[in-house]
Amino acid sequence: MEQKAHILVVEDEQKIRTALTDFLEFHGFSVTEAMDGLEAERTVDKGKFDLILLDLMLPKISGEQLCCRWRQEGLQTPIIMVTAKGQEKEKIKGLELGADDYIAKPFSLEEMLARIKAVLRRTDPARAVGQTFKFADLDVDIASLKAKRTDREIEITKREAGIIQYFAANPNRVISREELYKEVWQETMTELSTRTMDMHIAKLRSKIEHDSANPQIIKTVRGAGYKYET
Ligand code: CA
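Residues numbered from 1 in each chain as written. Predicted model: local features only at pLDDT ≥ 70, side-chain atom pairs only at ≥ 80, totals over all residues. Heavy atoms only, no water.

## As for the environment of V184
What counts is decided by this rule: The helix count covers DSSP runs of H or I at least four residues long, the strand count covers runs of E at least two residues long, and both are numbered beginning at the N terminus. We call two residues in contact when some of their heavy atoms are within 4.5 Å.
Considering the arrangement of structural elements, one finds V184 in helix α8 (residues 177-185). In this structure, the C-alpha to C-alpha distance between V184 and E111, residues 73 residues apart in sequence, is 29 Å. Non-local contacts of V184, meaning those with residues more than four positions away in its chain, are made with R159, G162, I163 and Y166.

## So, the pattern of salt bridges
Going by this rule: By convention in these notes, a salt bridge is any Lys or Arg side-chain nitrogen within 4 Å of a carboxyl oxygen on Asp or Glu. Any residue under 20% of the maximum accessible area for its type is buried, any over 50% is exposed, and the rest in between are partly exposed; the area is computed with a 1.4 Å probe on protein chains only.
Applying the stated criterion to the full structure yields 17 salt bridges. For E11, the salt bridge goes to K105, with nearest N and O atoms at 3.2 Å. On the criterion of sequence distance, the pair formed by E11 in the loop between β1 (6-10) and α1 (14-26) and K105 in the loop between β5 (101-104) and α5 (109-123) is long-range, its members being 94 residues apart. With respect to burial, E11 and K105 carry one shared label: buried. For the salt bridge of D100 with R71, the shortest nitrogen-to-oxygen distance reads 3.0 Å. Residue D100 is found in the loop between α4 (88-96) and β5, and its partner R71 is found in helix α3 (residues 63-72); the two are separated by 29 residues along the sequence. For R71, a relative accessible area of 21% gives the class partly exposed.

## Some remarks on the sheet that holds strand β3 (residues 51-55)
Inclusion rule: Strands were regarded as paired on the criterion that DSSP finds at least two bridges between them. Where helices are involved, their axes are fitted lines through C-alpha atoms of the stretch in contact, as for all axes, and angles between N-to-C directions lie from 0 to 180°.
Reading across from one edge, β2-β1-β3-β4-β5 is the order of the 5 strands in this open sheet, with parallel pairing throughout. In the strand order of this sheet, the two ends are held by β2 (30-34) and β5, each with one partner. Across the sheet, the mean angle separating the axes of adjacent strands is 20 degrees when strand polarity is ignored. Pairing between β1 and β3: 4 bridges, direction parallel. Considered in β3, the bridge of V10 is made with L54. Sheet strands in contact with helix α2 (residues 37-46) are β1, β2 and β3, and its direction is about 135 degrees off that of β2.

## Re the packing of α2 against α3
Our working definition: Oblique is the label for any angle not under 35 degrees, not over 145, and not in the 65 to 115 range, which are roughly parallel, roughly antiparallel and roughly perpendicular in turn. Crossing handedness is defined as follows: a turn of the near helix away from the far one that is anticlockwise and smaller than a right angle gives a left-handed crossing, while the clockwise case is right-handed.
It is the contact of α2 with α3, at a shortest axis distance of 10 Å, that shows an interaxial angle of 20 degrees. By the angle between their axes, α2 is roughly parallel relative to α3. Crossing hand, α2 versus α3: right-handed. Touching G37, A40, E41 and V44 of α2 are L66, R69 and W70, all from α3.

## So, the environment of I80
Take I80: it is sitting in strand β4 (residues 79-83). Other than its neighbours up to four places away in sequence, I80 contacts L51, I52, L53, L54, D101, Y102, I103, R115, I116 and V119.

## A look at the pairing of β4
Taken residue by residue, a regular strand's side chains alternate between the two faces of the sheet. Within β4, 5 of the 5 residues are buried, leaving the element largely enclosed by the surrounding structure. In β4, alternate side chains face the same way, and those of I79, M81 and T83 on one face and I80 and V82 on the other are all buried. In the sheet, β3 pairs with β4 via 4 bridges, with the strands oriented parallel. Bridged to I52 within β4 is I79. Both β4 and β5 contribute to a ladder of 4 bridges, which runs parallel. Opposite I80, over in β5, you have D101 as the bridge partner.

## Let's talk about the packing of α1 against α5
Rule in force here: Note on residue categories: nonpolar means Ala, Val, Leu, Ile, Met, Phe, Trp, Tyr, Cys or Pro, charged means Asp, Glu, Lys or Arg, and polar means any other residue, Gly included.
Their axes nearest at 11 Å, the elements α1 and α5 cross at an angle of 60 degrees. The orientation of α1 with respect to α5, classified from their angle, is oblique. The interaxial crossing formed by α1 with α5 has right-handed handedness. On the side of α1, the interface is formed by A19, L20, F23 and L24, while α5 contributes L109, E110, M112, L113 and I116. Of the residues that constitute the contact of α1 with α5, the class distribution is 8 nonpolar, no polar and 1 charged.

## Overview of the side chain of K207
Under the convention used in this document: Polar contact criterion, stated in full: a pair of N or O atoms within 3.5 Å, where within protein one must be able to donate a hydrogen and the other to accept it, and residues adjacent in sequence count only if both atoms are side-chain atoms.
Structurally, K207 can be placed in helix α9 (residues 191-208). A polar atom in the side chain of K207 sits 3.2 Å from the backbone oxygen of E155. Residues contacting K207, with those up to four places away along its chain left out, are R152, I154, E155, I156, T157 and E160.

In structure tokens:
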């Protein structure tokens, strides 16, 4: 069973906080609330979160200060900064301070949900697609390292599974080789690793593409990288 993503909602306006919590719990998230900067700081010290919704204007310690402090301390949890309308400057500052995204008040809950999902997908692709998922005309099972097509079953390596999983979580977007390498290999790319990755992509294509000379699942975008279209 996939674990619920745990979200910390830092918001001093009780109405907004409650509405967010109810809505997010309804959509399958587990939620912890903090009503000011101090409580947020204490909560983050104690717990582990998949994402933090951080209001900018908070009593005691501001969202800006918190974000700055957390990033300095090396906290990598994705942060969506919530700003009031017209705080354009703060938005930009928030991103500079290390927030992953921002959303302006008043926001719709649906919009907030879309942002949360996008940030989670970006920061943790495995969670976004899970252990079994569709990839083009394949049914991929990460746990058993198998990709199934109506007529046959294809064995894939762990690395190939990682590559597929990353593309599946990021459809319709050009992914550079640097990004793919960083996300799948968890290392920075070197000249040698460029070749390593090209070999992996070629091998993977020979397994899953109908015609690996003309790949249609993992497409090459000339000079830019690869793209998986849905
Ligand atoms: Ca506030």
